[in-house]
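Fold and contact review
Spelled out, the chains give:
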Amino acid sequence: MSDSVGYSPRPNVPPARPVRSRRYRVWAQVLLWTPIALTVAAVVLGLGLFAAADADATHSSSALGYLGLVVWGGLAVLSPVLLGSFIAGLIMVIRSRG
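For every chain, the first residue of the written sequence is number 1, and numbering continues from 1 along that sequence. pLDDT decides what is reported in this predicted model: residues at 70 or higher carry local features, side-chain atom pairs at 80 or more are listed and counted, and totals for whole chains, interfaces and linings draw on all residues regardless. For the side-chain quantities, the full set of heavy atoms in the structure was used; hydrogens and water were omitted.

With respect to the overall build of the protein chain
- Along the protein chain, the regular secondary structure elements total two helices and zero strands.
- For this measure, only C-alpha atoms enter the radius of gyration; the expected value for a globule follows 2.2 Å times N^0.38, where N is the number of residues. In terms of overall size, the protein chain is more extended than a compact globule, its C-alpha atoms giving a radius of gyration of 26 Å where 98 residues would be expected to give roughly 13 Å.
- The principal-axis extent of the C-alpha atoms belonging to the protein chain is close to 95 × 25 × 15 Å.
- Partly exposed describes any residue whose relative accessible area lies between the buried limit of under 20% and the exposed limit of over 50%, with all areas from a 1.4 Å probe on protein chains only and scaled to the type maximum. For the protein chain, the proportion of its 98 residues judged to be buried stands at 18%. Counting from the N terminus, the helices are the DSSP runs of H or I reaching at least four residues and the strands are the DSSP runs of E reaching at least two.

As structure tokens, then:
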């Protein structure tokens, strides 16, 4: 005999989605928006330094152009970390909205 004799079949109910805490949702937003803000700030700072170096034809402003290159080089070096943080934050936001 089977165990389900006399009982109706189980209803096909989807499992309840896990509830994400407020702390999880806050960290998701931090991981999502911090790389965006840092990237925008570095690009604007680099462009500003390039513009300042180009505006003055004296030799004393050439250091600003090199500093702009250093800022963009740092952005290029940190881009894998920023991209990883962005992707992790995006996945967390999608899971928390689920």
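Focus on the packing of aromatic side chains
- Stacked, tilted and edge-to-face are the three classes assigned to paired rings of Phe, Tyr and Trp, where Trp is represented by its six-membered ring and a pair needs centres within 6.5 Å; plane angles under 30 degrees give stacked, over 60 edge-to-face, the rest tilted. Under the definition given, this model contains one aromatic pair.
- The interplanar angle of 80 degrees and the centroid separation of 5.2 Å between the aromatic rings of Phe 50 and Trp 72 together place this pair among those described as edge-to-face. Taken together, the positions of Phe 50 in helix H1 (residues 22–55) and Trp 72 in helix H2 (residues 62–97) put the pair 22 residues apart, joining distant regions of the chain.
- According to the relative accessible area criterion, Trp 72 is partly exposed, its value standing at 35%.
- Only Lys NZ and Arg CZ are tested; either one counts as a charge over a ring when it is within 6 Å of the ring centre and within 35 degrees of the ring normal. Directly above the ring of Tyr 24 sits Arg 20, whose terminal nitrogen or CZ lies 5.1 Å from the centroid.

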